[in-house]
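Structural characterization, general
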Amino acid sequence: IKNILFQTEFIHYEDYLEKDAVVFLIETFYMAIDRLNSMALIPGIRFEGEVVVLTKNKPIQQQLSKFTKLVSMQNTNQSKLLGVVDATQEKISEKSTNILSEYNIPILKSMIISASDFATSNYSLHARTYNTFATLMKPITAVLQQMKWHQVQYVNTVDSVANEFVSEMNKSHIQTDKTYSFYNLYLEEVISSASCDHIADALIKNSNTSVIVLMVDGKLEKCLLESVHKKSVKTKFHWVSAYYNEKRNYTGVESTANGLLSLYYQPMSNVTEIIAEHVKSINVEGNTRNPLCHEHFSQSISEITTNTANSTSVHLCSVDKFREFTMLNDLYVGIADAVYAYVFAFKDVVSKVCGSNSNYCEEAKNVSAEQFFNKYLMKVVFTDITGKQEVAFYNKERKFRVEVEQFKKHVGKYERVKVGDYNEPRLTFDKNRVCLENIPSTCYPTCKNGYRKVENPLNICCWICEKCGSNEIVVNNTECMSCKFGEVPNKNQTACRAIDLIDIFANLSSTLQRIEGKFTDLEKRMKTLEDTKCNH
């Protein structure tokens, strides 16, 4: 047998994410297969994949009907079906699993679902390629405990994980007063400011609980902060924002965002740049294996070919367009890890059953799904698609790191200041670097002309005033800058000006006075010396 057809079904519910993001997720799936084939891991074996994109318009059972064909093909010498990569959301994933379990085929889930739904599944041949929600919540609860905040309000994108958030908070003795969700706003290109206003009003109404945990994307967070900002409320909220793979922009809402603690989850493996290079080379017309590619970009094709009459091909997208979906990096990682796990586990099967230096054999083909899943897939170890990180695929949590920063007004200007790190399972947190709003006004003195603001070495949240040099001006209240040759500071040391005759005469007079003073001092010393000689 020279060719084994590696049938891995990629399932995605088309309305959960923007379609062009799903196109890239599917491309990640195929790119992983292409890379593995280029390694020639098993002589004479080629791995392939197929994609099923689930829609609302047809029964799921009907859409998964191709499994009948795939399973029957296993009884011939044409293929061996290794498993399924399931990238659907919770409710769809549950239905899919129930259907696929009839075929006794391993399933690896790459879309985060709640721990309770995963644990209650009756199907034994399924595992996940992502960290659980409970694990990802650990840095948040650790920071809240460090700050001694035991009561919160919670804002997220969709309400599917709200109950699990409340449950995790309860485990840490933190009470969740209210939860709010943007529901399907994630699907819209233009965010409804009225919806942001609605949640802002609710937060303000319940402002006795001033700690707000945000688990939303950057656009929603900025929209909500703008809504709170324009209401000019006196209530000061303590924001705690958790996000992935994107730095946030608080321009225009600095005073409202002041004090915000951000938990920036570092990607487990950064595959975004790798996939960006891959999609740059894809031609839409020829990309028949991706079922959404041509359909979704057909309008773009028409526009591009109309504007560029000489163009003979249309590329999938620009790298900049792809980078709009960097927040999905860990989902890309989950999909690539699932494909790699299947292939390297199968390589272990061949090595074990057929001999380490042997080609594929009949005994390997006959390994049951239960044996493959439990003995090989759940014990496989491989280097991931980046070539930098080793993955021990034991259905356990992957290591991750979180940077903790505070956005605050620091010595007169807004900036991000690092206050901690979370390296699973430990939080390193410097609470003394966190500045809150109840600091006394004496902590922020008004500096006189010629003085700049510098951080108080005894209290990072405060500043003290430090005098600039006689030939320096104060810039942005925090810097001393020397005037250029031929210039001097003005009276208030706020700007440099050209030297004039008055400055020259004033400087000459000052110099003469210093010389005169030195002569006077010299005369006094000489007189003292003469008196000493006379006495002897």
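Quick caveat: nothing in here was measured; it's all calculated off a predicted structure.

**Some details on the packing of helix H6 (residues 133–146) against helix H7 (residues 162–171)**
Running from N to C, H6 and H7 point in directions that differ by 50°, and their axes come no closer than 10 Å. Comparing the axis directions of H6 and H7 gives the class oblique. Where H6 crosses over H7, the two elements pack in a sense that is right-handed. In contact with Phe-133, Ala-134, Met-137, Thr-141 and Leu-144 of H6, H7 contributes Glu-164, Phe-165, Glu-168 and Met-169.

**A short note on the environment of Tyr-451**
With respect to the helices, strands and loops of the structure, Tyr-451 is situated in strand S16 (residues 451–456). Sequence-wise, Tyr-451 and Ile-464 are 13 residues apart; in three dimensions their C-alpha atoms are separated by 9.5 Å.

**Quick word on the side chain of Ser-172**
Mapped onto the elements, Ser-172 comes out in the loop between H7 and strand S7 (175–181). Assessed through its relative accessible area of 15%, Ser-172 is described here as buried. In this view, Ser-172 contacts Thr-141 and Gln-145; residues no more than four positions away in its chain are not counted.

**Comments concerning the state of the cysteines**
The tally for this structure, following the rule as stated, stands at five disulfides. Paired by a disulfide, Cys-196 and Cys-223 hold their sulfur atoms 1.8 Å apart. What sets the handedness of the Cys-196 and Cys-223 disulfide is the S-S torsion sign, and at about 120° it is right-handed. Here Cys-196 is found in helix H8 (residues 193–205), whereas its partner Cys-223 is found in helix H9 (residues 218–230), with 27 residues between them in sequence. Classification of Cys-196 by relative accessible area gives buried; the value is 0%. For Cys-468, the disulfide goes to Cys-480, at an S-S distance of 1.9 Å. What sets the handedness of the Cys-468 and Cys-480 disulfide is the S-S torsion sign, and at about -75° it is left-handed. In this pair, Cys-468 sits in the loop between strand S17 (459–467) and strand S18 (472–475) while Cys-480 sits in strand S19 (residues 479–482), placing the two residues twelve residues apart along the sequence.

**Description of the confidence of the model for the chain**
Averaged over every residue, the pLDDT of the chain is 78; residues scoring 70 or more account for 75%. The model gives residues 1–7 a pLDDT under 50, and that stretch makes 38 contacts with residues more than four places away or in other chains. With pLDDT under 50 throughout, residues 184–191 is counted as low confidence; its partners more than four residues away or in other chains account for 18 contacts.

**Focus: H7**
When we look at burial in H7, the residues that qualify are Ala-162, Glu-164, Phe-165, Glu-168 and Met-169. Along the axis of H7, the buried positions cluster into a sector of 160°, meaning they face one direction only. When the buried face of H7 is taken as reference, the exposed residues oriented beyond 90 degrees from it are Asn-163 and Lys-171.

Conventions used here
Residues numbered from 1 in each chain as written. Predicted model: local features only at pLDDT ≥ 70, side-chain atom pairs only at ≥ 80, totals over all residues. Heavy atoms only, no water. Axes fitted to C-alpha atoms, helices over the stretch in contact; angles between N-to-C directions. Helix = DSSP H or I, 4+ residues; strand = E, 2+ residues; numbered from the N terminus. Parallel < 35°, antiparallel > 145°, perpendicular 65-115°, else oblique. Left-handed = near helix turned anticlockwise from the far one by under 90°. Contact = heavy atoms within 4.5 Å. Buried < 20%, exposed > 50% of the residue type's maximum accessible area, 1.4 Å probe, protein only. Disulfide = S-S within 2.5 Å. pLDDT = per-residue confidence, 0-100. Arc of directions from axis to C-beta.

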